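Residue-level structural notes
Listed here are the chains, written in short residue letters.
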Amino acid sequence: MMGRLVSYDPSSGEPLGEVQATPPEQIAGVVTRARAAAREWRGLEAAERVAVMQKAYERAGTRKNELAVLLSREMGKDIRRSTGEVNWVTRGGPRMAQSAAEALRPRDIGHGARLEYHPLGVVAVISPWNYPLAMANNFIAPSLAAGNSVVLKSSEETPLVAGEFVEIMNEVLPPGLLQVIHGDAEQGRALVESDVNMIAFTGSREAGRDIMARAAPCLKRLVMELGGNDPMIVMGDADIEQAARFAVANSFENAGQMCVATERIYVDGKIAERFEKRVVELAAGFRVGPWDMPDVDIGPIINAAQHGKIVEHIRDAEAKGAGVPLGGSRQPERYIHPTVILGMTPDMLVEREETFGPVVAISRYSDIREAIERANSSTYGLGAVVFGGPEAEAVADELEAGMIGVNQGVGGGGDAPWVGAKQSGFGFHGSPEGNRQFAQLRVVSR
Ligand code: NAD
């Protein structure tokens, strides 16, 4: 991508602003500057680095309303959700920095050996648009706390809010420590192939594969948080109301544009009719509209390509005989109204691929083995949930995912790792183990 990068309001298609796309040939210079900044930064004590970072997050916190409005306008999520995301970053950032510093303290392991965690150098953070600040900061915080510098390649869909956030942080951070470059996959590829030491990527599996291949010649360190196609199993003794509420809310969260959104549901045939009826009732109550509409639940879809993909998945299900009691493939521009698909089968796109839209797709099972098999039949393995009585635990044990929820959603909260299994991830962040992936482990024997 060359020239100006225009950012559009996904609810109207109106341009919101523009930035200069970083010419790929300038990226080497950005990385050189980042390396010089990292040399100074690594000379500080960990506690000093954390203190500087805390001040930077505090500064961003003073502008949280402005950041939240910009996030909403550019990405489309409602103001309550964007405020939550900004708070996650500005309030959670200091805690993340502190936890990382603690995880990276040197440790004696006996026999005169000591583990040390040294900075890697320059970390390329490449982030998606669905949580443009949270996803970027989940990698920025542990990278900086470990004594590295960061070059952020924000999503081409959300350059304004990323640029604004970095600018505010830079009122406090030393020059060159956190820089942003703008552009699309072209700039992303140039950054991956530049002289960075590590690539921390959140985005699609397809881009992840390309990044891994391009990082291979120099064996660059990688942390990759990739896509998902999360299953949910609803057992015969599940609390139907609780399961239906979760199914709808988690399929529609962030307009379904969430990596751990529920994408496919397997429900025991014995309770299926009641479950499906309740899902349709609940889904029908979700309100669709722009970010500033009062009580809105489902915002616009980020762009026409993503909208087209969701419609294609629904149309494919319709063509293959699914029942669609709510929504369907006839949708307005920019939005997808809540859609419920019944009778999902393994050949349908909604079962096989990541839809990333406000769609609940349900299939009935008569044998729990079949449900587990279909839940695991994906090459993805980000999250998986099971709702049911005491036997839900045994089912949970068999689910192939990095994050499992039993009668609740996934993700441990606090400093829990955010981790994908199979092709949903490679490395992870969060928790002491996650934080340590942003540093070079050294064993020093004396
Ligand atoms: P995407 O892969 O299209 O883009 C992500 C970022 O990578 C963007 O900044 C893009 O410009 C850049 N990029 C694209 N191709 C590249 C390449 N070949 N080399 C380097 N950079 C490249 O993803 P998206 O559409 O922005 O985000 C949606 C995807 O992200 C979904 O698959 C979703 O599941 C996933 N996601 C995963 C998590 C997680 O924690 N596992 C969180 C959020 C989103």
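Residues numbered from 1 in each chain as written. Predicted model: local features only at pLDDT ≥ 70, side-chain atom pairs only at ≥ 80, totals over all residues. Heavy atoms only, no water.

1. As for the site of the ligand
To keep it simple, the criterion reads: Here, proximity means that at least one heavy atom of the residue falls within 4 Å of the molecule or strand. By the criterion applied in these results, polar contacts are pairs of N or O atoms within 3.5 Å in which, for protein atoms, one can donate a hydrogen and the other can accept it, and in which residues neighboring in sequence qualify only through two side-chain atoms. A run of DSSP states H or I qualifies as a helix once it reaches four residues; a run of E qualifies as a strand once it reaches two. Both are numbered from the N-terminal end. For this classification, Asp, Glu, Lys and Arg are treated as charged, while Ala, Val, Leu, Ile, Met, Phe, Trp, Tyr, Cys and Pro are nonpolar and the rest, including Gly, are polar.
Inspection of the region around the ligand gives 30 residues, with Lys-153, Glu-156, Ser-204, Asp-210 and Glu-354 positioned closest. Ser-127 places a main-chain nitrogen or oxygen 2.8 Å from an oxygen atom of the ligand. In the model, an oxygen atom of the ligand is placed 2.7 Å from a nitrogen or oxygen of the Lys-153 side chain. Elements supplying a minimum of two residues to the shell around the ligand: helix H8 (185-193), strand E8 (198-202) and helix H9 (205-215). The class makeup of the residues in the shell around the ligand is 13 nonpolar, 10 polar and seven charged.

2. With respect to the sheet that holds strand E13 (residues 339-342)
To keep things clear, this is the line we draw: A pair of strands is considered paired only if DSSP assigns at least 2 bridges between the two. Only the contacting stretch of a helix is used when fitting its axis, a line to C-alpha atoms as for every element, and angles between N-to-C directions run 0 to 180 degrees.
Read from one edge of the open sheet, seven strands run E12-E13-E14-E11-E10-E16-E17, paired in mixed fashion. The strands lining the two open edges of the sheet, one partner per strand, are strand E12 (323-326) and strand E17 (403-406). On average, each strand axis in the sheet is inclined to that of its neighbour by 20°, with strand direction left out of account. Bridge count for E13 against strand E14 (residues 359-365) is four bridges, and the pairing is parallel. Note on E14: the bridge partner recorded for Leu-342 is Ile-362.

3. Notes on the pattern of salt bridges
Heads up, the rule is: Whenever a carboxyl oxygen of Asp or Glu lies within 4 Å of a side-chain nitrogen of Lys or Arg, that contact is scored as a salt bridge. Using a 1.4 Å probe on the protein chains alone, a residue whose accessible area is under 20% of its type maximum counts as buried, one over 50% counts as exposed, and one in between counts as partly exposed.
Throughout the structure, instances matching the rule amount to 27 salt bridges. Here Glu-66 makes a salt bridge to Arg-63, at a shortest N to O gap of 2.8 Å. Overall, the relative accessible area of 37% leaves Glu-66 in the partly exposed class. Put simply, Glu-241 and Arg-245 hold a salt bridge, and the shortest N to O gap is 2.7 Å.

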